[in-house]
Amino acid sequence: MIFFLCFVIFLIGLYCVIVKKNILKIVIGIAIMEYAVNLFLILLGYRWEGVPAIVTETVTQAKFVDPLPQALVLTAIVISIATLALMVSLCIRIHQRYKTFDITKIRRLKG
Amino acid sequence: MLPLYLLLFLMILGSLVAVHTRTLLSAVISLSLVGLVLCVTFLYLQTPDIAITQIIVEIVALVILIRAVATGKEVSDIKGKKEVFSLVAVIAFIVIFGYFAYQALTFIEFPKFGYPLMRVSQFYVEEGLKKTGSANLITSVVLGFRAYDTLGEVTVLFAAVLGTLVILRGVGRKK
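Residues numbered from 1 in each chain as written. Chains lettered and ligands numbered in written order. Predicted model: local features only at pLDDT ≥ 70, side-chain atom pairs only at ≥ 80, totals over all residues. Heavy atoms only, no water.

**Details of the overall build of chain A**
Moving on, step 1. When its secondary structure is counted, chain A shows three helices and zero strands.
Moving on, step 2. In terms of overall dimensions, chain A is more spread out than a globule: its C-alpha atoms have a radius of gyration of 20 Å, far above the 13 Å expected for 111 residues.
Moving on, step 3. Dimensions along the principal axes, computed over C-alpha positions, put chain A at roughly 65 × 30 × 15 Å.
Moving on, step 4. For chain A, the accessible area works out to roughly 4,800 Å², and carbon and sulfur atoms hold 68% of it. (Helix = DSSP H or I, 4+ residues; strand = E, 2+ residues; numbered from the N terminus. Rg over C-alpha atoms; globule rule 2.2 N^0.38 Å. Areas by Shrake-Rupley, 256 points an atom, 1.4 Å probe, with all protein chains shown as cover.)

**Regarding the overall build of chain B**
Moving on, step 1. When you go through chain B residue by residue, the secondary structure sums to seven helices and zero strands.
Moving on, step 2. Seen in sequence order, chain B has helices and strands lined up from the N terminus as α-α-α-α-α-α-α.
Moving on, step 3. On C-alpha atoms alone, chain B measures out to a radius of gyration of 22 Å, which is more than a quarter above the 16 Å that the 2.2 N^0.38 rule sets for 175 residues.
Moving on, step 4. By principal-axis analysis of the C-alpha atoms, chain B measures approximately 60 × 50 × 30 Å.
Moving on, step 5. Within chain B, buried positions represent 36% of all 175 residues.
Moving on, step 6. Across chain B, the mean location of the 15 positive side-chain charges is 14 Å away from that of the 10 negative side-chain charges. (Buried < 20%, exposed > 50% of the residue type's maximum accessible area, 1.4 Å probe, protein only. Lys, Arg positive; Asp, Glu negative; His and termini not counted. Charge placed at Lys NZ, Arg CZ, Asp CG, Glu CD.)

**So, the state of the cysteines**
All names here are of chain A.
Moving on, step 1. Across all of its chains, the model carries zero disulfides over all chains by this definition.
Moving on, step 2. Cysteine Cys 16 is unpaired, with the sulfur of Cys 91 as its nearest cysteine sulfur at 12 Å.
Moving on, step 3. Judged by relative accessible area, Cys 16 falls into the buried class, the value being 0%.
Moving on, step 4. Taking the relative accessible area as the measure of exposure, Cys 91 reaches 4% and is therefore buried. (Disulfide = S-S within 2.5 Å.)

**Observations concerning the pattern of salt bridges**
Residue and element names in this part refer to chain A.
Moving on, step 1. The final tally for this structure, using the stated rule, is two salt bridges over all chains.
Moving on, step 2. A salt bridge links Glu 49 to Lys 63; its shortest N-O distance comes to 3.8 Å. Pair noted here: Glu 49 is in the loop between helix H2 (23–44) and helix H3 (67–98) and Lys 63 is in the loop between H2 and H3, with a separation of 14 residues, a long-range link.
Moving on, step 3. Classification of Lys 63 by relative accessible area gives partly exposed; the value is 32%.
Moving on, step 4. When the shortest N-O distance is used, the salt bridge between Lys 105 and Asp 102 registers 4.0 Å.
Moving on, step 5. Since its relative accessible area comes to 56%, Lys 105 is described here as exposed.
Moving on, step 6. Here Asp 102 falls in the buried class, since its relative accessible area comes to 6%. (Salt bridge = Lys/Arg side-chain N within 4 Å of Asp/Glu carboxyl O.)

**What to know about the nonpolar core**
Moving on, step 1. Formed by 69 residues in total, the largest nonpolar core has its most connected members in Leu39(A), Leu43(A) and Phe42(B).
Moving on, step 2. When residues of this core are traced back to their parent elements, those giving at least two are helix H1 (2–19), H2 and H3 of chain A together with helix H1 (2–20), helix H2 (24–44), helix H3 (48–69) and helix H6 (137–145) of chain B.
Moving on, step 3. Residue contributions to this core peak at 13 residues, all from H2(A).
Moving on, step 4. When we break this core down by domain, the ones giving at least three residues each are domain 1 (1–75) and domain 3 (118–168) of chain B.
Moving on, step 5. Here Leu39(A) is in contact with Cys6(A), Leu8(B), Met11(B), Leu38(B), Thr41(B), Phe42(B) and Leu45(B), once residues within four sequence places are set aside. (Core = buried A, V, L, I, M, F, W, Y, C linked by side-chain atoms within 4.5 Å. Domains from an automatic or database assignment. Contact = heavy atoms within 4.5 Å.)

**Points about the packing of aromatic side chains**
Moving on, step 1. Taken as a whole and judged by the stated rule, the model has 13 aromatic pairs over all chains.
Moving on, step 2. An angle of 80° between the planes, with centres 6.1 Å apart, marks the rings of Phe4(A) and Phe7(A) as edge-to-face. One end of the pair is Phe4(A) and the other is Phe7(A), both in helix H1 and three residues apart, which spans about a single turn.
Moving on, step 3. Aromatic side chains Tyr124(B) and Phe145(B) sit 4.5 Å apart centroid to centroid with 20° between the ring planes, which places their arrangement in the stacked category. With a gap of 21 residues between them, Tyr124(B) in helix H5 (residues 121–132) and Phe145(B) in helix H6 connect regions that are remote in the sequence.
Moving on, step 4. The class of Tyr124(B) is buried, set by a relative accessible area of 8%. (Phe/Tyr/Trp six-rings, centres within 6.5 Å; stacked < 30°, edge-to-face > 60°.)

Purely geometric stuff here, so don't read any function into it on its own.
What follows is the structure, given as structure tokens:
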């Protein structure tokens, strides 16, 4: 059930990417999809009544949440901010040249 | 369990507002709301490292997106002509995606929520402190066991920053 709510967030982002005509709305949709995928991976590694995976004297190792998805999601979050900055800079350049964010009007091939 | 559902519903609500609102600035603010709720969700799921990273990245993303919104004078939503085709495509996507998600969640061996598969990471949990000397197991995975992944991440980050600088550079090459 909780995974399906996560899929709903992903599908909202997919809808935004496919339907919207504003180029910044497409960037927003991609960001929403990234959030949903990161949340899904973290949900896969959750354990009931788990504790953070940090070794101390008092905590037993059997209660740790899964550290592997967390490490990979940490990588994915940092990469997502870099790609967001790249997309936004492309949007700014496109707006300087075409004076619009509408993707139906951006169709000249002349560089 | 109930707070998790509430947080997820708040995320769905925020993303719906971000998709459907008319002004771009409020869409960006709603997107930032979704990111901050995601940060709280990570804290609830016992992953403080991801929560710290998420909140920093979220603030930076908000600043970058507001810079992009401030570029254009037009902030209203753009109406397209071929809405019907897009809606059909979206419905087809949703049906196919839902079918495969249902198959994956029911028939294939899939971990239930709260009972993670610990095939690989059992070794990391047992040997992490001894082999890498880091009490935080996430650090030991990122910088010790999976250090080549981190090298790839840094490469991608470098390429993206370089691309951003090249695109936004003011002076172009003379012809």
